[in-house]
Amino acid sequence: MSKKINKTAMDAQEAEKRLDDLRGQITRHAHQYYVLDDPLISDGEYDRLFRELLELEEQFPELVTPDSPSLRVGGEPLDAFAEAAHDVPMLSLDNVFDAQELLSFEEKIQRYLQTTVQPTYLAEPKLDGLAVELIYENGLLIQGSTRGNGLVGENITAQLQTVQVIPLRLAAKEGKQEGAIPEKLAVRGEVFLPRKAFLQLNEQRAEQGEALFANPRNAAAGSLRQLDPKVTASRSLNFYVYGVADTEATPCADLEELFSWLGQLGFPVNPLIKFCRTLAEVEAQYQYLQTIRHELEYEIDGMVIKVADFALQQRLGNTTRAPRWATAWKFPATQATTVMTGVDFQVGRTGAITPVALLEPVEVEGVIVRRASLHNQDEIERKGLMIGDTVLIQRAGDVIPEIVKPITEQRTGEEQPLVFPSQCPICDAPLQRPEGEAITRCVSLLCPAQQLQRMIYFVGKAGLDIDGFGRKNVEQLMEVGLIQEIPDIFRLPKEQLAILDGWGEKSAEKLLLAIAEAKHPTLSRFIGALGIRYVGEMTSELLTRHFSSLDDLLAAKKDDLLAVEASVSRRQ
Ligand code: IVH
């Protein structure tokens with residue numbers, strides 16, 4: 001469906017028309033995909049439109065508009081962030097810690113308003129990300145900034161333009177009064193990194209020997225405060241709107257109307273926002289969010305409760321720190337203390353050595369924690385950990401528990417230094433840590449630990465996803481020598497499998513069937529399954545688009561690899 005661009009034939013007038021058409025289509029399809037989660041065209045078609053836009057804009061740079069979706073890929077790096085003042089200060093929130101304090105919050109409001117009438121509230125998930133302000137003039141995004149000290153933040157417009165769900169131009173509802181676009185509108189909301197993107201990012205950083213982000217919040221902040229907007233563009237950041245600087249700039253009388261209006265203008269509104277008539281409803285919503293928080297695709301650390309009515313908000317006003325009409329109710333702390341009894345040094349698929357703390361079992365949020373990630377050698381040194389230390393640990397959602405710090409006041413003198421090994425704990429090969437990298441590796445190609453991990457990866461979810469072929473099976477089959485390298489998987493003898501401990505005729509047959517079913521993966525999946533360092537899902541896909549067969553790829557020289565184009569695909 002994309003029109004072939006004929007460089008000589010298309011004049012500026014034609015190009016302008018085509019560009020306008022492309023921008024309209026791309027903006028609409030990106031909204032369908034990212035905000036409504038309801039794509040109308042395939043990724044391939046979208047990519048083609050996007051590529052045509054980029055090529056045409058390159059040919060006619062004077063026709064680039066300030067709301068072009070091409071801004072999503074990120075422009076030139078900045079030297080430094082400029083300051084951005086907030087006309088209306090970006091305040092903080094006060095806290096309540098239990099239902100009793102929630103009641104006091106309401107009583108205080110009633111005293112202030114000299115009434116016994118109960119206000120209605122909006123209960124919103126408290127997103128664990130970064131607050132930003134987006135300023136629109138005549139519908140066009142002209143500035144985006146961080147909160148900073150509340151009065152002055154950093155100008156991160158180019159970075160925020162790369163966040164797919166943030167509208168570059170507001171959508172007007174023609175003919176509708178409430179759909180009219182104000183001359184100036186400052187909206188506020190939270191930029192956050194979904195859990196999955198966070199885990200992927202850290203995995204990628206571990207492979208490249210870079211320091212890991214401690215949690216999605218830090219990762220979101222680190223991704224936004226990047227001088228190079230292209231880096232921000234690669235990070236799958238997301239955004240939910242939660243308010244405006246000045247409610248008088250809107251046609252709305254309360255928060256319920258506001259969210260509906262903001263949604264019409266094209267902003268993503270969190271579907272978990274709930275209108276509550278009583279404190280009992282507020283409390284029920286808090287309990288509900290607490291039970292589902294770990295199933296959400298992003299992290300929340302509590303709930304924000306806001307008086308819905310703008311006239312009441314006005315009368316209540318703010319203290320210097322926070323509005324009187326809102327409060328945060330955080331979820332209980334997810335930290336605990338325990339003793340670190342030892343450290344296990346694990347060898348990963350790519351030879352990376354990951355230190356894992358062994359803990360005296362302790363319960364955090366209903367889950368027994370026995371191990372915690374120590375990330376790498378620098379982290380251990382930075383935290384100054386010793387074996388036998390009493391440590392503060394925390395668990396954030398699905399993220400592996402981690403050690404925050406040792407409680408040095410509780411040292412007895414019996415603690416032992418934590419020594420990072422110089423040889424592979426499995427194969428004894430000397431470990432290497434390249435200059436400037438955070439990761440220490442076993443670089444022996446024959447290391448059995450790496451072979452095991454590679455095999456587990458190959459048959460697992462990220463690899464061929466062979467049904468019922470889990471870590472335990474791989475360990476057993478390698479131990480008895482039935483598989484040593486990847487091709488062995490495809491010539492497993494049924495009779496020998498069936499007589500293994502815990503196996504039988506039926507289970508052997510079942511596994512062999514699952515293997516047979518997974519035997520013809522796409523080239524991209526196969527390349528990815530090999531678990532080669534630096535070759536993740538995205539790279540495998542790009543390689544496959546470039547080299548049509550495995551033989552071509554195997555024959556590729558350095559220059560051929562350099563010619564592989566980075567894609568503008570949305571699935572980054
Ligand atoms: S309203 C004037 N709503 O929490 C009140 N804040 O502790 C403005 N946050 O800086 C905040 N989710 O970054 C509001 N649904 C939500 C929120 C939310 C997260 C953050 C925000 C703010 C911080 C205050």
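Keep in mind it's a predicted model, so treat the numbers as computed, not measured.

Participant: Residue-level account of the site of the ligand, with values.
Facilitator: The environment of the ligand is made up of Leu-93, Glu-124, Pro-125, Lys-126, Leu-127, Ala-131, Glu-190, Tyr-242, Val-304, Lys-306 and Pro-323. Here a nitrogen atom of the ligand sits 2.7 Å away from a polar atom, N or O, in the side chain of Glu-124. For the ligand, whose free accessible area comes to 520 Å², the fraction covered by protein is 85%. With four residues, the top contributor of residues to the shell around the ligand is strand 3 (residues 121-127). Split into classes, the residues belonging to the shell around the ligand amount to seven nonpolar, no polar and four charged.

Participant: Give me the layout of surface pockets: which residues, what numbers.
Facilitator: Here the second largest pocket defines a volume of roughly 1500 Å³. Those elements that provide at least two residues to the lining of the second largest pocket are helix 5 (195-207), strand 12 (335-347), strand 13 (353-364), strand 14 (367-373), helix 12 (448-459) and helix 13 (471-479). A class-by-class count of the residues in the lining of the second largest pocket yields 21 nonpolar, eight polar and eight charged.

Participant: Please provide a residue-by-residue account of the UniProt feature "active site" (unreviewed entry) in the chain, values included.
Facilitator: Sequence positions flagged by UniProt for "active site" (unreviewed entry) are, in local numbering, Lys-126. With respect to the helices and strands, Lys-126 occurs in strand 3. Non-local contacts of Lys-126, meaning those with residues more than four positions away in its chain, are made with Leu-93, Glu-299, Ile-300, Asp-301, Gly-302, Met-303, Val-304, Ala-328 and Lys-330.

Participant: Go over the UniProt feature "binding site: Zn(2+)" (unreviewed entry) in the chain with me, naming the residues and quoting the values.
Facilitator: UniProt's feature table lists "binding site: Zn(2+)" (unreviewed entry) at Cys-424, Cys-427 and Cys-447, given in the numbering used throughout. What stands out for the annotated residues spanning 24 residues is how close their C-alpha atoms remain, the widest pair being 8.5 Å apart. The residue Cys-427 is located in the loop between strand 18 (416-417) and strand 19 (431-432) in this model. Among the residues examined, Cys-427 registers a relative accessible area of 25% and is labelled partly exposed. Contact partners of Cys-427, with chain neighbours within four places excluded, come to Cys-442, Ser-444, Cys-447 and Pro-448. Examined against the element boundaries, Cys-447 turns out to sit in the loop between strand 20 (441-442) and helix 12. Those residues in contact with Cys-447, other than ones at most four positions away along the chain, are Val-347, Cys-424, Ile-426, Cys-427 and Cys-442.

Participant: Please set out the pattern of salt bridges residue by residue, giving values where relevant.
Facilitator: Should the charged atoms of two oppositely charged side chains come close, the side chains can pair. Evaluation of the coordinates by the stated rule reveals 24 salt bridges. The residue Arg-411 makes a salt bridge to Asp-389 at a minimum N-O spacing of 2.7 Å. Here the residue Arg-411 occupies a position in the loop between strand 17 (402-406) and strand 18, and Asp-389 occupies one in the loop between strand 15 (386-387) and strand 16 (390-394), the gap between them amounting to 22 residues. Owing to a relative accessible area of 0%, Asp-389 belongs among the buried residues under this scheme. A salt bridge links Lys-494 to Glu-505; its shortest N-O distance comes to 3.7 Å. Pair noted here: Lys-494 is in helix 14 (residues 494-498) and Glu-505 is in helix 15 (residues 505-517), with a separation of eleven residues, a long-range link. Here the salt bridges do not stand alone but share partners, grouping Arg-18, Asp-21 and Glu-52 into one network.

Participant: Now, about the confidence of the model for the chain: what can you tell me, with residues and values included?
Facilitator: Chain-level statistics for the chain give a pLDDT mean of 90 and a share of 95% at 70 or above. Note that residues 567-572 has pLDDT below 50 and, in this model, 26 contacts with residues that lie over four places away or in other chains.

Participant: Describe in detail helix 2 (residues 43-59), supporting the description with residues and values.
Facilitator: The end-to-end C-alpha distance of helix 2, which contains 17 residues, comes to 24 Å, matching closely the 24 Å that a straight helix rising 1.5 Å per residue would cover. Regarding helix 2, the residues found buried are Asp-43, Tyr-46, Asp-47, Leu-49, Phe-50, Glu-52, Leu-53, Leu-56 and Glu-57. Its buried side turned inward, helix 2 meets helix 1 (12-35) and helix 17 (537-546).

Participant: Mind laying out the sheet that holds strand 7 (residues 184-192), listing which residues take part and the relevant values?
Facilitator: Strands sit in the order 5-4-7-8 across an open sheet of four strands; the sheet is antiparallel. Across the chains shown, the open sheet's two edge strands, defined by having one partner strand only, are strand 5 (140-146) and strand 8 (238-244). Put simply, the sheet's adjacent strands are angled 30° from each other on average, direction ignored. In this structure, strand 4 (residues 130-137) lies alongside strand 5, joined through six bridges in antiparallel fashion. Paired with Glu-133 across the two strands is Ser-145, which belongs to strand 5. Packed onto the sheet, helix 6 (residues 216-224) meets strand 4 and strand 7 and runs at close to 40° relative to strand 4.

Participant: A description of the sheet that holds strand 11 (residues 326-330) should follow, citing residues and the corresponding values.
Facilitator: Strand order in the open sheet formed by five strands is 2-11-10-3-9, with mixed pairing between adjacent strands. A single partner strand is all that each edge strand has here, and the edge strands are strand 2 (94-96) and strand 9 (274-276). The average undirected angle you get between the axes of adjacent strands in this sheet is 35°. Pairing analysis gives three bridges linking strand 3 to strand 9, with the strands arranged antiparallel. Within strand 9, the position partnered with Tyr-121 by the bridge is Cys-276. Helix 8 (residues 255-265) rests against strand 3, strand 9 and strand 10 (300-307) of the sheet, and its axis sits at about 55° to strand 3. In the packing of helix 9 (residues 279-292) onto the sheet, the strands contacted are strand 3, strand 9, strand 10 and strand 11, and the crossing angle to strand 10 comes to about 165°.

Participant: So what about the packing of aromatic side chains? Which residues, and what values?
Facilitator: Using the criterion set out here, one finds twelve aromatic pairs in the structure. For the pair Tyr-46 and Phe-50, a centre-to-centre distance of 6.0 Å together with 45° between the ring planes defines the contact as tilted. Of this pair, Tyr-46 and Phe-50 both sit in helix 2, separated by four residues, roughly a single helical turn. Judged by its relative accessible area of 1%, Tyr-46 falls in the buried class. Taking 5.6 Å as the distance between ring centres and 25° as the angle between the ring planes, the aromatic pair formed by Phe-192 and Tyr-240 counts as stacked. Placement of Phe-192 in strand 7 and of Tyr-240 in strand 8 is noted, with a sequence separation of 48 residues between them. Accessibility classification places Phe-192 together with Tyr-240 in one group, the buried group. Three or more aromatic residues joined by ring pairs make a cluster, and in this case those are Phe-192, Tyr-240 and Tyr-298. The ring centre of Tyr-457 lies 3.7 Å from the NZ or CZ of Arg-349, which sits over that ring.

Calculation rules
Residues numbered from 1 in each chain as written. Predicted model: local features only at pLDDT ≥ 70, side-chain atom pairs only at ≥ 80, totals over all residues. Heavy atoms only, no water. Near = heavy atom within 4 Å. Polar contact = N/O pair within 3.5 Å; in protein donor to acceptor, adjacent residues only side chain to side chain. Areas by Shrake-Rupley, 256 points an atom, 1.4 Å probe, with all protein chains shown as cover. Helix = DSSP H or I, 4+ residues; strand = E, 2+ residues; numbered from the N terminus. Nonpolar A, V, L, I, M, F, W, Y, C, P; charged D, E, K, R; others polar. 1 Å grid on protein atoms, 1.4 Å probe; cavity = no way out; pocket = protein on both sides within 12 Å on 5 of 7 lines; lining within 4 Å. Points joined across faces, edges and corners; volume = space filled by probe spheres on them. UniProt positions renumbered as here; feature names shortened; annotations may be inferred. Contact = heavy atoms within 4.5 Å. Buried < 20%, exposed > 50% of the residue type's maximum accessible area, 1.4 Å probe, protein only. Salt bridge = Lys/Arg side-chain N within 4 Å of Asp/Glu carboxyl O. pLDDT = per-residue confidence, 0-100. Expected span 1.5 Å × (residues − 1). Pairing = 2+ DSSP bridges. Axes fitted to C-alpha atoms, helices over the stretch in contact; angles between N-to-C directions. Phe/Tyr/Trp six-rings, centres within 6.5 Å; stacked < 30°, edge-to-face > 60°. Lys NZ or Arg CZ within 6 Å of the ring centre and 35° of its normal.

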